[in-house]
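If you want the building blocks of each chain, they are given just below.
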There are 2 protein chains.
Amino acid sequence: MASIDPVRTADPEALALTKRLLSEARFATLATLDDKAHPFASLVSFALDRATRPILLVSRLSGHTKHLLADPRCSLLVGEPGKGDPLAHPRITVQCRAEAIPKEADESVILKTLFLARHPKAALYADFPDFLFFRLQMLDASLNGGFGKAFHLTEADLAFRP
Amino acid sequence: MASIDPVRTADPEALALTKRLLSEARFATLATLDDKAHPFASLVSFALDRATRPILLVSRLSGHTKHLLADPRCSLLVGEPGKGDPLAHPRITVQCRAEAIPKEADESVILKTLFLARHPKAALYADFPDFLFFRLQMLDASLNGGFGKAFHLTEADLAFRP
């Protein structure tokens, strides 16, 4: 068995695809660490801030929120499959560190505006006291652009301009 | 803020929904632990064995395979969204322990038959030397059946009869 690493470093096309995947999706799968440090996968809605960083709005009653408050390490799988084989559609796994933004923070007002622009129905619960925002700092990513198109993106690659 | 736990123990309806979600989906999100014990989310195809346990067929060249060989703890998010808000569709997070089934094992022949019945195109790569099967032992699960319908399932709940 050949052991050639099939993963390439990011090129402009890979960066453009990354920005497109993040910008087009409204939902993603989040992986967190549960109270036994066991991985835990859940569905989340998300929006982006002006620097293309994912923003979550989640309830403290949810498992994933408890996990992120205890350990900020998480992973976001982004890429909404179209027709046909989902494994043939581009998708990206972004390794992140979640930063809680309390409701009292001035920034929370900006995040609420951005989040509701992307998810208008979230206005129903955005002000509930158990909900809070997390901003995901993107540390590195694995982009799968289809067969034979695997790329690794660094934190610098993922630092999109506002 | 009330701190009532909104999660219920499984009832027959919850068990039936769990079996339906596992049986209907062909793809899921897998959460593994990467080489830094950071959670990592990726897309996988899966089938079920006769005891309704998820079966993966993955390449040793993939990140998630390397992760599972190093640490078998993983989580599978199952539930394919239909039209409308994905958060309104039922889905389940199953906490699992992955068991590698080597190609030489007699059981691998049975798993291949089951997997190809669900994913006929996997015949193209099932015999590649870098591919192997994992059977996911289900340890517990969080079922989200829609608003106000959250259930916790134990390992005993998830021990479906063959």
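Since the structure is predicted, the reported quantities are computational estimates derived from the model, not experimental observations.

**Thoughts on the interface of chain A and chain B**
Thinking step 1. With 33 residues of chain A at the interface, the matching set in chain B holds 35 residues.
Thinking step 2. Summing the contributions of chain A and of chain B, the shared interface buries around 2,800 Å²; its carbon and sulfur component is 70%.
Thinking step 3. In this assembly, chain A and chain B are joined by zero salt bridges.
Thinking step 4. At the junction of chain A with chain B, the criterion picks out 15 residue pairs in polar contact (both at pLDDT 80 or more).
Thinking step 5. Examining the composition of the side of chain A that touches chain B, we find that six residues originate from one element, strand β3 (residues 39–48) of chain A, more than from any other.
Thinking step 6. Residue composition of the side of chain A that touches chain B, grouped by class: 17 nonpolar, nine polar and seven charged.

**Side note on the relation of the copies chain A and chain B**
Thinking step 1. Taken as rigid bodies, chain A and chain B are interconverted by a rotation of 180° and an axial shift of 0.0 Å, the fit giving an RMSD of 0.0 Å. Considering both components of the superposition, the chain copies are consistent with a two-fold axis.

**Points about the environment of R8(A)**
Residues and elements named next belong to chain A.
Thinking step 1. Locating R8 in the fold gives a position in strand β1 (residues 7–9).
Thinking step 2. Each C-alpha atom, one on R8 and one on H152, is 6.1 Å from the other, the two residues being 144 residues apart in sequence.
Thinking step 3. If sequence neighbours within four positions are ignored, R8 has contacts with G148, K149, A150, F151 and H152.

**Here's the deal with the confidence of the model for chain A**
Thinking step 1. Per-residue confidence for chain A averages 92 on the pLDDT scale, and 96% of its residues sit at or above 70.
Thinking step 2. Across the interface, the model reports ipTM at 0.94; the global pTM reads 0.94.

**Description of the state of the cysteines**
Any covalent bond linking the sulfur atoms of two cysteines counts as a disulfide.
Residue and element names in this part refer to chain A.
Thinking step 1. One pass over the full model with this rule turns up zero disulfides over all chains.
Thinking step 2. Looking at the unpaired C96, the closest cysteine sulfur is the one in C74, lying at 4.9 Å.
Thinking step 3. The class for C96 is buried, based on a relative accessible area of 0%.

Parameters at a glance
- Residues numbered from 1 in each chain as written.
- Chains lettered and ligands numbered in written order.
- Predicted model: local features only at pLDDT ≥ 70, side-chain atom pairs only at ≥ 80, totals over all residues.
- Heavy atoms only, no water.
- Contact = heavy atoms within 4.5 Å.
- Buried area = accessible area lost by both parts, 1.4 Å probe.
- Salt bridge = Lys/Arg side-chain N within 4 Å of Asp/Glu carboxyl O.
- Polar contact = N/O pair within 3.5 Å; in protein donor to acceptor, adjacent residues only side chain to side chain.
- Helix = DSSP H or I, 4+ residues; strand = E, 2+ residues; numbered from the N terminus.
- Nonpolar A, V, L, I, M, F, W, Y, C, P; charged D, E, K, R; others polar.
- Least-squares fit on C-alpha atoms with pLDDT ≥ 70 in both.
- pLDDT = per-residue confidence, 0-100.
- Disulfide = S-S within 2.5 Å.
- Buried < 20%, exposed > 50% of the residue type's maximum accessible area, 1.4 Å probe, protein only.

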